[in-house]
Amino acid sequence: MARRPPGPRTFRARPASYAAAVITHRTASDADFEENRPRMFGIAYRMLGSAAEAEDTVQDAYLRWASADREEIEHPGAWLAKVVTNLCLNTLTSARVRREAYVGPWLPEPVLTGDGALGPLESAEQRDTVSMALLVLLEQLTPVERAVYVLREAFAYSHREIAEVLDLTEANCRQLYRRAAGKVAADRAAGARERRSAPDPERWRSLVETFMTAARGGDLARLEGLLTADVRFVSDGGGVVSAALRPILGREKVARFAIGVLKKFAGDLPVGVAEINGVPALLFGDTAVLLVEFENGLVSEVSTVLNPEKLEFLQRQLSHS
């Protein structure tokens, strides 16, 4: 008996409740992701020192999140933290090569921190984890050491939780943390740059206004009197704009350099103030960010980011604030 040819395929329509359930599940999943976005961005930025790369990392994490089987993800926050951390470890491997080829001193990309973009910064210890000085020191750590240090110091992860994120033993994570913390402490001691609290806002503003008045007025003698003997000036132009190719050291040299830099790059630009990387900073239009550190009422370090590529994220933040 001849077999009948198959007829056209028919599809059973899914009930409307199924579509509603899918939409609800997807919405809930997106809500889980958005809830954890600040933490993911905060981890990525501290590990990479780049807001642009941190954004790319969070986007890559979303692609993995979107294709994952959500029913197997018991704790979305832990799952996303693990994904972001491991993406950062991959990025740091290639980033180290780019850092070595960077023209002049490398500074992290400045980020507004008053809006919670990097997570809570309620204590001096939390603010320290996003400071320019610490992020530069973290460049000396291996990628895994940096991951352990960031998760422990900035987000108070337990060693057990860090072990789960990195697929390491808890004992290994403890050892990595001790090694990383020891390196940071040693680097700080060698550079005489201990963790310090910033002056209160009013005191800071008064000190900065005095510094700026002397520098813009070209008053070399007065400016030298405002600086510590071992003051340092670091400028990051990245080879895109003119900047010193190495840190400027010493009271007289820094005073002369500061006068020249402000005359060349600041000119008559309006000066704004914003919280950058956990401390007050000066904004010169969209051309430069200047951070001034004080020790006993004197300027101990000046850092300025001039590379326009490093200011793009900050400008987007400012346009939305």
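Use the structure listed above.
Trainee: Account for the pairing of strand 3 (residues 271–276), naming residues and giving values.
Mentor: Regular strands have side chains that alternate between both faces of the sheet. In this structure, strand 3 lies alongside strand 4 (residues 279–284), joined through six bridges in antiparallel fashion. Counterpart to Glu275 in the pairing with strand 4 is Pro280. The antiparallel pairing of strand 3 with strand 4 creates a hairpin that spans two residues between the two strands, and Asn277 there sits at a positive phi of about 50 degrees.

Trainee: For the packing of aromatic side chains, give the residues involved together with the corresponding values.
Mentor: For the structure on display, the rule yields six aromatic pairs. With centroids separated by 6.4 Å and ring planes inclined at 15 degrees, the aromatic side chains of Phe41 and Tyr45 adopt a geometry described as stacked. Here Phe41 and its partner Tyr45 are both found in helix 1 (residues 16–48), four residues apart, which amounts to about one turn of the helix. Owing to a relative accessible area of 8%, Phe41 belongs among the buried residues under this scheme. Since its relative accessible area comes to 0%, Tyr45 is described here as buried.

Trainee: Outline the nonpolar core, supporting the account with residue identities and numerical values.
Mentor: One finds Phe41, Ile43, Tyr45, Met47, Leu138, Tyr149 and Tyr157 to be the most contacted residues of the largest nonpolar core, which totals 49 residues. In this structure, Tyr157 is in contact with Arg39, Ile43, Ala81, Leu151, Arg152, Ile162 and Val165, ignoring residues within four places of it in sequence. Listed in part, the 29 residues of the second largest apolar core include Leu223, Ile259, Leu290 and Val292.

Trainee: With reference to specific residues and values, describe helix 3 (residues 76–100).
Mentor: Spanning 25 residues, helix 3 covers 36 Å between terminal C-alpha atoms, matching the ideal 36 Å at 1.5 Å per step. If you look at helix 3, its biggest bend is around 30 degrees, right at Ser94. Regarding helix 3, the residues found buried are Pro76, Leu80, Ala81, Val83, Val84, Thr85, Leu87, Cys88, Leu89, Leu92, Ala95 and Arg99.

Trainee: Mind laying out the sheet that holds strand 6 (residues 298–305), listing which residues take part and the relevant values?
Mentor: In a beta sheet, neighbouring strands are held together by backbone hydrogen bonds and run either parallel or antiparallel to one another. Strand order across the open sheet formed by six strands is 2-1-6-5-4-3, with mixed pairing between neighbours. Both edges of this open sheet fall to strand 2 (248–249) and strand 3, since each of them pairs with a single strand only. Both strand 5 (residues 288–295) and strand 6 contribute to a ladder of seven bridges, which runs antiparallel. Bridged to Val292 within strand 6 is Val302. Across the sheet, helix 9 (residues 201–216) lies against strand 1 (227–236), strand 3, strand 4, strand 5 and strand 6, angled at about 35 degrees from strand 4, the strand it touches most.

Trainee: Go over the pattern of salt bridges, please, and point to the residues and values.
Mentor: One pass over the full model with this rule turns up 15 salt bridges. Salt-bridge contacts for Arg127 lead to Glu275; the nearest nitrogen and oxygen are separated by 3.2 Å. Note that Arg127 is positioned in helix 4 (residues 124–128) and Glu275 in strand 3, a separation of 148 residues in sequence. A single salt-bridge network, built from bridges that share partners, covers Arg99, Glu139 and Arg146.

Trainee: Give a detailed account of the environment of Thr210, specifying residues and quantitative values.
Mentor: Topologically, Thr210 is positioned in helix 9. Of the residues examined, Thr210 reaches a relative accessible area of 27% and is grouped as partly exposed. Taking the C-alpha atoms as reference, Thr210 lies 8.4 Å from Leu226; in sequence the two are 16 residues apart. In contact with Thr210, not counting residues within four places along its chain, are Arg222 and Leu226.

Trainee: Kindly report on empty space enclosed by the protein, identifying the contributing residues and their values.
Mentor: One pass over the structure, following the stated rule, counts three cavities of 30 Å³ or more. Considered as a void within the structure, the largest cavity measures approximately 70 Å³ in volume. The wall of the largest cavity is formed by Leu92, Ala95, Arg96, Arg99, Leu138, Glu139, Leu141, Thr142, Pro143 and Arg146. Those elements that place two or more of their residues in the lining of the largest cavity are helix 3 and helix 6 (143–153). Among the elements that take part in the lining of the largest cavity, helix 3 stands out by supplying four residues, more than any other.

Analysis parameters
- Residues numbered from 1 in each chain as written.
- Predicted model: local features only at pLDDT ≥ 70, side-chain atom pairs only at ≥ 80, totals over all residues.
- Heavy atoms only, no water.
- Pairing = 2+ DSSP bridges.
- Helix = DSSP H or I, 4+ residues; strand = E, 2+ residues; numbered from the N terminus.
- Phe/Tyr/Trp six-rings, centres within 6.5 Å; stacked < 30°, edge-to-face > 60°.
- Buried < 20%, exposed > 50% of the residue type's maximum accessible area, 1.4 Å probe, protein only.
- Core = buried A, V, L, I, M, F, W, Y, C linked by side-chain atoms within 4.5 Å.
- Contact = heavy atoms within 4.5 Å.
- Expected span 1.5 Å × (residues − 1).
- Bend = angle between axes of the 7 residues up to and from the residue.
- Axes fitted to C-alpha atoms, helices over the stretch in contact; angles between N-to-C directions.
- Salt bridge = Lys/Arg side-chain N within 4 Å of Asp/Glu carboxyl O.
- 1 Å grid on protein atoms, 1.4 Å probe; cavity = no way out; pocket = protein on both sides within 12 Å on 5 of 7 lines; lining within 4 Å.
- Points joined across faces, edges and corners; volume = space filled by probe spheres on them.

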